[in-house]
Amino acid sequence: MKVPLLDLTGQYEQIKEEIMEVMQKIFQEQHFILGPRVKALEAELAQYCRTVDAVGVSSGTDALMISLMAAEIGSGDVVLTTPYSFFATAGVVHRLGAQPAFCDIEPDTYNLSPARFAETLERFKGMDKARLRAVIPVHLYGQCADMDPILELSKKANLTVIEDAAQAIGAEYKGKRAGSMGDFGCFSFFPSKNLGAFGDGGCVTTQVESTGHRLRILRVHGSEPKYYHPMIGGNFRLDTLQAAVVSVKLKHLDGWTEKRRENAARYRRYFESAKLENRVALPIEKESRHIYNQFVIRVKDKRDALKAFLAESGIGTEIYYPIPLHLQPCFSYLNYRKGDFPEAERAAGQTLALPIYPELTDAQAAYVVEKIQEFFMKAK
Ligand SMILES: *Cc1c(COP(=O)(O)O)cnc(C)c1O
């Protein structure tokens, strides 16, 4: 049996007619940049995320970048974040001339630890406090970071809060939607995210009307009106074709999220019968709505051998992420060492994402767990 990590073809079959219809219209109109379709999607996204505004941008990476620019973060500034995320979370900080600094994660959710965050803030107090400008909590795998203490600590330290919600559209924390809690919410429409475009795309959500206005200026090279530049922005536009695809898919998103959640529950049942609790730890649902962009297990021993065995058995898996950000060669100038963030380092050596996409069948899920069980029987 073949079980790819992600298969988008089944999803496409469900929306083919809707997509074809709107694509034909756009080809007739020949209007490809921003325009009323992007505007309409922005209103739909703001409503979905329960925010005042949403601004379509060119990618999740650019959503983070433009948020930092809107907060005027740049040379000499420091931005705190987790060492256990996709590279873009910290990459954008460096690209703006600021410096990323890391705090370790919680071992159960893999999200930024409020306790470690508090300690880091204490350490900065004695040093150059003024340089510390923002924090980027990441809602990893589709589950929100523990936002209450993060928001409270940030408020006291006067930090801008930029939620990296690229993996978490529709996720909730105590009834609040991802992207609605911080100063900025950053989303990605990369095809493997729960709400994926047919290419790159993203958006930034905000609860402040004037911030939406500012982001729209930055999105077009900082110009307002056209060819007059009160600030320096870039080309961060979401194009019309991608907006139309995302708009069609958004109507289906909650149905697909429910299927992902059902698949997670199904995995839990199969893992329980397989009696693998000494080998494998399942993801925990700490916050009220985990949207399972990934279903990530922790494999205490032989993770890489298990991954190889599953690949031989036709099962696609992935390691998100094999090297924590503080140990990436490009960040060696930050002078972090191995051992600085033990939880992130342990996670990098033990996590494994299993297929969880909505169209995954019961038989496929059963087969995945069966093969994991087979591997550990042999490994004994
Ligand atoms: C995907 C992702 C991004 C970047 O989004 P792109 O659209 O690929 O630029 C940023 N942060 C996290 C946590 C992501 O998963």
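Above this note sits the structure.
Right, let's walk through the structure included here. (Residues numbered from 1 in each chain as written. Predicted model: local features only at pLDDT ≥ 70, side-chain atom pairs only at ≥ 80, totals over all residues. Heavy atoms only, no water.)

The two faces of a sheet get side chains in turn, since along a regular strand they alternate between them. Bridge count for strand 2 (residues 78-81) against strand 3 (residues 99-102) is 4 bridges, and the pairing is parallel. Bridge pairing links valine 79 to proline 100 in strand 3. Each parallel crossover has a hand, and the one from strand 2 via helix 4 (residues 88-95) to strand 3 is right-handed. (Pairing = 2+ DSSP bridges. Helix = DSSP H or I, 4+ residues; strand = E, 2+ residues; numbered from the N terminus. Right-handed = clockwise from strand over helix to strand, strands pointing away.)

Viewed as axis vectors pointing N to C, helix 9 (residues 253-274) and helix 12 (residues 362-379) meet at an angle of 35°, and their least axial separation amounts to 10 Å. For the element pair helix 9 and helix 12, the recorded crossing hand is right-handed. Of the residues in helix 12, those touching helix 9 at Arg266, Tyr267, Tyr270, Phe271 and Ala274 are Asp362, Ala365, Ala366, Val368, Val369, Ile372 and Gln373. By residue class, the composition of the contact of helix 9 with helix 12 is 9 nonpolar, 1 polar and 2 charged. (Axes fitted to C-alpha atoms, helices over the stretch in contact; angles between N-to-C directions. Left-handed = near helix turned anticlockwise from the far one by under 90°. Contact = heavy atoms within 4.5 Å. Nonpolar A, V, L, I, M, F, W, Y, C, P; charged D, E, K, R; others polar.)

Inspection of the secondary structure assignment puts serine 188 in strand 8 (residues 184-188). Those residues in contact with serine 188 that sit more than four places away from it in its chain are Gly60, Ala166, Lys193, Leu195, Gly201 and Gly202.

Further remarks concern the pattern of salt bridges. With the rule as written, the count across this model stands at 23 salt bridges. Note that arginine 116 and glutamate 119 form a salt bridge whose closest N and O atoms lie 3.0 Å from each other. Here the residue arginine 116 and the residue glutamate 119 both occupy positions in helix 5 (residues 114-126), the gap between them amounting to 3 residues, near one helical turn. Residue arginine 116 is classed as partly exposed on the basis of its relative accessible area, which comes to 34%. Given a relative accessible area of 41%, glutamate 119 falls into the partly exposed group. Lysine 125 is paired through a salt bridge with glutamate 122; the nearest N and O atoms lie 3.1 Å apart. Of this pair, lysine 125 and glutamate 122 both sit in helix 5, 3 residues apart, roughly one helical turn. Because the salt bridges share partners, they merge into one network encompassing Glu42, Asp53, Arg216 and Arg219. (Salt bridge = Lys/Arg side-chain N within 4 Å of Asp/Glu carboxyl O. Buried < 20%, exposed > 50% of the residue type's maximum accessible area, 1.4 Å probe, protein only.)

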